[in-house]
Number of protein chains: 2
Amino acid sequence: MMDIADDNGYVLNLKVTKPSLENNTADVERIKQALKDNFKINNIKICFDIIKKIPHILRESNHEIKAVIFRDLAGWILVDIAKEDKDQLFLGVAADIGTTRVVIRIVDLESKQVLIEKGFDNPQITIGPDVLSRIHYAKDQKGLEELSYLLIQGFNSNISDLCKKIDRKAEDIYLFSGAGNTSMTHLFLGVEPSGIIREPYIPCINIPDTLKADKVGLNLNPNAVCFLFPNIGSYFGGDLISGILYCNLNKLEKPCIMVDVGTNAEVVVGCKDWLVACAGAAGPALEGGVSDIGMIAAPGVIDKVSINKDTNKLEFTTIENKTPVGICGSGMIDLAAALFLSKKIDIRGKFIKTNCNGRLFNKYDIDYFIIVDKEDSGTGDNICISQVDLNSLTSSKAAMYTILEVIVCNTAGLSFDDLAKFYVAGTFGSFINPESAISIGMLPDIKRDKFEVLGNSSLGGATKLLIDRAAFDEAGKIRKSITYIELNVNAEFMNMFSGAKFYPHTDKSRFPSVPV
Amino acid sequence: MMDIADDNGYVLNLKVTKPSLENNTADVERIKQALKDNFKINNIKICFDIIKKIPHILRESNHEIKAVIFRDLAGWILVDIAKEDKDQLFLGVAADIGTTRVVIRIVDLESKQVLIEKGFDNPQITIGPDVLSRIHYAKDQKGLEELSYLLIQGFNSNISDLCKKIDRKAEDIYLFSGAGNTSMTHLFLGVEPSGIIREPYIPCINIPDTLKADKVGLNLNPNAVCFLFPNIGSYFGGDLISGILYCNLNKLEKPCIMVDVGTNAEVVVGCKDWLVACAGAAGPALEGGVSDIGMIAAPGVIDKVSINKDTNKLEFTTIENKTPVGICGSGMIDLAAALFLSKKIDIRGKFIKTNCNGRLFNKYDIDYFIIVDKEDSGTGDNICISQVDLNSLTSSKAAMYTILEVIVCNTAGLSFDDLAKFYVAGTFGSFINPESAISIGMLPDIKRDKFEVLGNSSLGGATKLLIDRAAFDEAGKIRKSITYIELNVNAEFMNMFSGAKFYPHTDKSRFPSVPV
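Residues numbered from 1 in each chain as written. Chains lettered and ligands numbered in written order. Predicted model: local features only at pLDDT ≥ 70, side-chain atom pairs only at ≥ 80, totals over all residues.

Attention now moves to the overall build of chain A. When helices and strands are counted, chain A shows 13 helices and 22 strands. For 516 residues, the compact-globule estimate of 2.2 N^0.38 gives 24 Å, and chain A sits close to it at 26 Å. A burial count over chain A gives 51% of its 516 residues as buried. Pairs at least 24 apart in sequence give 65% of the contacts found in chain A among residues at least 6 apart. (Helix = DSSP H or I, 4+ residues; strand = E, 2+ residues; numbered from the N terminus. Rg over C-alpha atoms; globule rule 2.2 N^0.38 Å. Buried ≥ 20, exposed ≤ 12 C-beta atoms within 10 Å, placed from the backbone. Contact = placed C-beta atoms within 7 Å.)

This is how it looks when you write it as C-alpha cells:
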C-alpha cells in the first residue's frame, strides 16, 4: 500500500559547499543553503545542541554529512547531523498507542524497511482497564504523571528490547511517530485529559506539535523528535487520521469506507473530494469484553466457528490449536452467524429450543447454549453462550449497522453498493469473517471482494509518516478536510436501530445473499 | 528615538473563547484562534511545558489570560501564559555584550520602561583581554565552556542583583535580547569560534535562532527565551545590526552615517534605500590601550583637555575630579588637538620643542611632553605623553579618516557634506569632542550640528527588540540589506592613509574650519 519515492525520506546525504574567501558564509548558514539547493528544504530550524557540533562534523567529514530532518507545524527541523559511517543505521519508531495494546515497530529510515516489531499490553491497564477509569485517575497531577510514566516506561523498555534483538541501540533512533486515540494522546504526553469526558468534551490539545523525544521521557537519541498524529476531537483521534493516511482514503477517485470496529466504532467515508467521519459506541460485545466467556485473543481462545452442513453441528478452531478456554469477538460473530444460519436462533436472536439438539439449558431463567462440553474444555467447565451474551452482541451488531447506515446513506447520500472499497481496520477487524458479519446483519451485504482487511492501519500510517516526507502535510490536510458528524441518538436513529436488531434486519431485502 | 505603538509589545491581554457544545475546539487551538483573531498572530508555536498548564490556567482565569509571545526564525512562539495578577510584572533583559564591558538593562515589557541598568566587566577578561586571546583559549572544548560559563554566570549574578534592587525575581524575566560582536556571540553561546580568526574567516553561525534561555545557562523564568542579534560576518557583528535598528538608519530619507569608534572602527552609511558597511582596525590608541599612560575611563583619568588661550597652557578635567592618574582615549584626542592648535606639534604630529615652554624632555632618544607635574599627579610621577604615543594616535586617526573616506566617498560616491547625520555610537564615542576630532583630522569637517551621540546604540537596539514586535523582522531585514565591503589595504588605500597621517590632512582644503 506504500509507494514512496526513494529520495523522499528524512535521512539525507548532504554535500555542503566548502568555505573560501569568496564564500565566507557561516557554517550553519551553509548547511541551510545546501538543504535549500539540493532538497528545496527552506528555512530549516536547527536546534542549539546541533549548532555546537556543526564546525567539528563539517571539518571531519570533508563537508559531506548525513542530515536527519523532520517537520513541525512551523516548518523543517534539522534533527541531527552525523559523519558518514557505513555501519550506522538511522532508525525510527512507529507506534500504535492503543488503550489496551501497544504495537511498536523499528524502521530503517534510509532503506524504509521495517526491521522488527512487537506488541505489548498498555501498562496503564494496571491503573484502569478503560479510558474512563484512567481519566478519572488522572484528575490529580500525581495520577496523571503516574499514568504517563507507566506508558512511557513501557515504550522505553520495549524499544530497548527490540534494539538489542537487532544489535542496535536506542541512540540510533531519531524519529518517533505515534498514533493513538485522543485520550491516549493526552495520557502519553502527560497532558490534562479531564475535559475529554466532561461536557462540552474539550481536549486540551488536538494538534500536538513535534517535540523533543526526551521532553516526554522517551530514551532515544538525545536529539530525537516525537510526532503524534493530530486528533479531530474527543471522540475521533490520531489513530484514525493515521489509518486514513495509510489507506489513502483521501486520494481515492470513488467513495470508499474505512471502519475500525471495536468498543467504539469509528467510521470514515469519502474519497479525494470529501471525507465524512463519525464515531459511536458499538458495544463491548464485539471486543469480547462483556459475555462471561468473552476473552481477548490468546492461546485456546475460539477464533473461528462454522456449522458442519452434514452434521448440523458447530465446529471451531482455537488460537494455536490449544484446548478451548473461551471465545473472542470474531468468534462470537462467527458463532452468532452459525447459530442463525442453522436456525438455532430466530430473527430476534433468541434461542429456538427445538433446534438446539439438547445443547440448551436454563439456569436462573436464562438460556445457555453449550459450545464446548466440559470434557473437551480447558476450563474444567462447559463453555457456553447465554441469551444475555447474545442480546449484547445483537445490540452491538445493530449499533454498527446503524452507524454505517447513518453515515453512508443518510449523511453521504450513497447506497452501500456505491462504495468501491470497504476497508476494515484494527486488529480486531482483521479477524472478522465478512461472510459471518453480513449473515448477522452487522456489515452491509455488498460484493465480498470489496472488503479489504487493513490490519493495524494506525501503525501503518505511523510508519508511513516516518518514511515519506509528504506524509506530515498530508496528515494535517486529512485532519482539516474531515467533516465530523455527531451521532445524534434521536428518534430517527432509534427507529433505524430497532430494525437492525433483527437477524439480519427487518428489511430482509437488504441482505439478498443471506440464505435464510 | 523610539516611537513604538502601545499595543505592539510582547505581552498580550488575551480573551479566549469559552468552550461550548457548539465550539468544542481543544484548549490549545482556542488559544491559537484567539491570538489569530485579536492580534493577527498566526500559527504560533506552543512549547510542551506550557501546553501542560493551559487547561488549569484557562479555567482559573475565566479564560482571560496574559500571554507572553516572541519570535523565532520560523514564526511566533508562545513563551508563557499567566493568570491576571495586578502585582506581576513581565520583564525583559536587554544586553550589550561587549568584549570589555557588558551593560544590562531590565525592561518592563508592558509599560516599555527601563526599570534599572548596570554595567560590569566582561568576566572573560580574566582569561584574556581581547577577542584573539580568548578564541585561542577556546580551542579546546574545556576552554570554550569555561569562557561561556564565565560570561553567563556574570549575567546571572548581575541580573539577580538588579532584580533584588527593584524587588523582583529573575523568574519575572521572560525575554532576553543581547547584542555583541561575532566573537562575543559565539562565546556567549559556547559555540566554536576558531573559524572566525582563521582564513577564510568563517563564523560557525551568523543568524542564531531564538532559543530557550536555560539552554545557554541563563537563570531566568524557566520558559524564558533568548535572542541574539545576527552577525553579517566575522568582522561585523550583531551589536552593529542592533545599533542600526536603534538609530533607524535603514528608514531615513537622506544618507547618514553611523560610526562605532574603538579598536575596530565599524562604519555603516546609508538610508532607506541602501546600506553599506565596513570595519577596519583603527588602532588601539583610540581606546587608551597602547600609550604608557593610556587607561580606560576610571576615577582620576583625564577625559577632557583644552588650551587656555590667555596662558597658552593645557587645562584638563578628570573623571570624578580626582587627582590625575592617566588619560583615556577621548582625552588623547583632545590633547592632540590642543597640542596641534597651540602649535606644540606640527602637521606631521611631531613635537615642536621651541613651542613647548620647557615641558618637553628627551629620554633614550624619545621626546616626552609633561601633561601633569609630579607634584600634582596621583601616580607620584610626571604624567607624560611620548612621541611614540602620539605617533600611534596619528596612525589611528588617519586610519579612521581613511575608512570614512573609502566608504563615504569611494564606495557610496558621496561627499561628507551629503551626510544628513553623523551618528557616533559606542561608549567611547560618547566622550569624543567632535571639535577636537575634526581639528586633528580624524572626523570630517562637517557642520557640527550633524553630529549626534547615540550612546550605547547596541544596548538601545537590544531594548527596542524587547518592546516592539516589528523589530525582530526589521533586524533580519537590516542584516540582509547591508552590503559589506572588505577593506582592501591596497596601494590606493595606503595613498589615502598617507595623506590622512598629517594634521589635519595634506589637503588642508578639506578642513576649512580648522584654524591652523
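Moving on, we get to the interface of chain B and chain A. Taken together, the 36 residues of chain B in the interface contact 37 residues of chain A. At five residues, helix 2 (residues 48-60) of chain B tops the list of elements feeding residues into the side of chain B that touches chain A. Among the residues making up the side of chain B that touches chain A, the classes are represented as 20 nonpolar, eight polar and eight charged. (Nonpolar A, V, L, I, M, F, W, Y, C, P; charged D, E, K, R; others polar.)

What follows deals with the pairing of strand 11 (residues 256-260) of chain B. Residue and element names in this part refer to chain B. In terms of burial, strand 11 is a largely internal element, five of the five residues being buried. Along strand 11, one buried face is formed by Cys256, Met258 and Asp260 and the opposite face, lined by Ile257 and Val259, is buried too. Note: strand 11 against strand 12 (residues 264-270), five bridges, orientation antiparallel. Across the sheet, residue Ile257 finds its bridge partner in strand 12, namely Val269. One ladder, built from four bridges, connects strand 11 with strand 20 (residues 422-425); its direction is parallel. Its bridge partner lying in strand 20, Val259 is registered against Val424. (Pairing = 2+ DSSP bridges.)

Segmenting chain A into domains produces domain 1 (6-83), domain 2 (91-228), domain 3 (242-284 + 393-510) and domain 4 (288-391). In this structure, domain 2 of chain A and domain 4 of chain A have C-alpha centres spaced 37 Å apart. (Domains from an automatic or database assignment.)

It is worth spelling out the nonpolar core at this point. Core analysis: the biggest nonpolar cluster contains 319 residues, and Ile69(A), Val267(A), Ile69(B) and Val267(B) have the highest contact counts within it. Those residues in contact with Ile69(B), other than ones at most four positions away along the chain, are Tyr10(B), Leu12(B), Ile41(B), Ile44(B), Trp76(B), Ile77(B), Leu78(B) and Val79(B). (Core = buried A, V, L, I, M, F, W, Y, C linked by C-beta atoms within 7 Å.)

All right, on to the sheet that holds strand 10 (residues 225-228) of chain B then. Residues and elements named next belong to chain B. Within the open sheet, the six strands sit side by side as 7-6-5-8-10-9. Their pairing is mixed. In the strand order of this sheet, the two ends are held by strand 7 (114-121) and strand 9 (211-212), each with one partner. Note that strand 6 (residues 101-108) and strand 7 share seven bridges and pair antiparallel. Considered in strand 7, the bridge of Ile106 is made with Ile116.

This brings us to the packing of helix 6 (residues 238-247) of chain A against helix 12 (residues 471-481) of chain A. All names here are of chain A. One way to put it is that helix 6 packs onto helix 12 with a least axis distance of 10 Å and a crossing angle of 115°. You can see that helix 6 and helix 12 cross each other, and the crossing is right-handed. Across the interface between the two elements, Ile241, Ile244 and Leu245 from helix 6 touch Ala471, Glu474, Ala475, Ile478 and Arg479 from helix 12. Of the residues assigned to the contact of helix 6 with helix 12, the class counts are six nonpolar, no polar and two charged. (Axes fitted to C-alpha atoms, helices over the stretch in contact; angles between N-to-C directions. Left-handed = near helix turned anticlockwise from the far one by under 90°.)

Moving on to the sheet that holds strand 11 (residues 256-260) of chain A. Sheet strands associate in pairs through backbone hydrogen bonding, adopting either a parallel or an antiparallel arrangement. Residue and element names in this part refer to chain A. Spatial strand order, 21-20-11-12-13-22: six strands in an open sheet with mixed pairing. For this open sheet the edge positions go to strand 21 (451-455) and strand 22 (482-484), each flanked by a neighbour on one side alone. Sheet twist, expressed as the mean angle between neighbouring strand axes with direction ignored, is 20°.

Another aspect to go through is the packing of helix 6 (residues 238-247) of chain B against helix 11 (residues 457-467) of chain B. Residue and element names in this part refer to chain B. Running from N to C, helix 6 and helix 11 cross one another at 70°; their axes reach a closest spacing of 7 Å. Judged by the inter-axis angle, helix 6 sits roughly perpendicular to helix 11. Between helix 6, through Asp239, Ser242, Gly243, Leu245, Tyr246 and Cys247, and helix 11, the contact on the second element is made entirely by Ser457, Ser458, Gly460, Gly461, Ala462 and Lys464. (Parallel < 35°, antiparallel > 145°, perpendicular 65-115°, else oblique.)

Expressed as a screw operation, the relation of chain B to chain A combines 0.0 Å of axial shift with a rotation of 180°, fitting to an RMSD of 0.1 Å. These values place the two chain copies in the arrangement generated by a two-fold rotation axis. No C-alpha of chain B approaches the rotation axis more nearly than that of Ala74(B), which lies at 2.9 Å. An overlap of 100% is found between the interface residues of chain B and their copies at the interface of chain A, pointing to a shared contact surface. (Least-squares fit on C-alpha atoms with pLDDT ≥ 70 in both.)

Moving on to helix 12 (residues 471-481) of chain B. All names here are of chain B. Among all positions in helix 12, only Ala471, Phe472, Ala475, Ile478 and Arg479 are buried. The buried residues of helix 12 occupy an angular sector of 125° when projected down its axis, which confines them to one face. With respect to the buried face of helix 12, the exposed residues turned more than 90 degrees away are Asp473, Lys477 and Lys480. Looking at the packing, one finds that the buried side of helix 12 touches strand 3 (64-72), helix 6, helix 11 and strand 22 (482-484). (Arc of directions from axis to C-beta.)

Another point: helix 7 (residues 329-341) of chain B. Residue and element names in this part refer to chain B. Look at helix 7: 18 Å from first C-alpha to last across 13 residues, which is about the 18 Å you get at 1.5 Å a residue. Of all 13 residues making up helix 7, 13 are buried, and the element is well covered by its neighbours. Phi for Lys343, located one or two positions after helix 7, is positive at around 60°. (Expected span 1.5 Å × (residues − 1).)

A few words now on unusual backbone geometry. Trans peptide bonds make up the majority, and among non-glycine residues the majority have a negative phi. Residue and element names in this part refer to chain B. Of note, the bond from Glu199 into Pro200 is cis; its omega dihedral lies within 30 degrees of zero at 0°. Within the secondary structure, Pro200 is located in the loop between helix 5 (182-189) and strand 9. Cis geometry marks the peptide bond from Tyr503 to Pro504; its omega dihedral reads -15°. Positioned with a positive phi, Tyr364 is a non-glycine residue whose angle comes to about 45°.

Residue and element names in this part refer to chain B. By the element assignment, Leu419 lies in the loop between helix 8 (387-411) and strand 20. In this structure, the C-alpha to C-alpha distance between Leu419 and Val408, residues 11 residues apart in sequence, is 8.7 Å. Residues in contact with Leu419, not counting those within four places in the same chain, are Pro255, Cys256, Ile257, Val408, Leu414, Ile446 and Lys450.

Here we take up the confidence of the model for chain A. A low pLDDT means the predicted coordinates there should not be read in detail. Per-chain confidence: chain A averages 92 in pLDDT, with 96% of residues scoring 70 or above. Two numbers describe this predicted complex: its pTM, 0.89, and its ipTM, 0.87. (pLDDT = per-residue confidence, 0-100.)

Turning our attention to the environment of Ile81(B). Residue and element names in this part refer to chain B. You can see Ile81 is positioned in strand 4 (residues 75-83). Judged by the 22 C-beta atoms lying within 10 Å of it, Ile81 falls in the buried class. Sequence spacing of Ile81 and Leu12 is 69 residues, and the spatial spacing of their C-alpha atoms is 9.5 Å. With sequence-adjacent residues up to four places away left out, Ile81 is seen in contact with Ile50, Ile54, Ile57, Ile65, Lys66 and Ala67.

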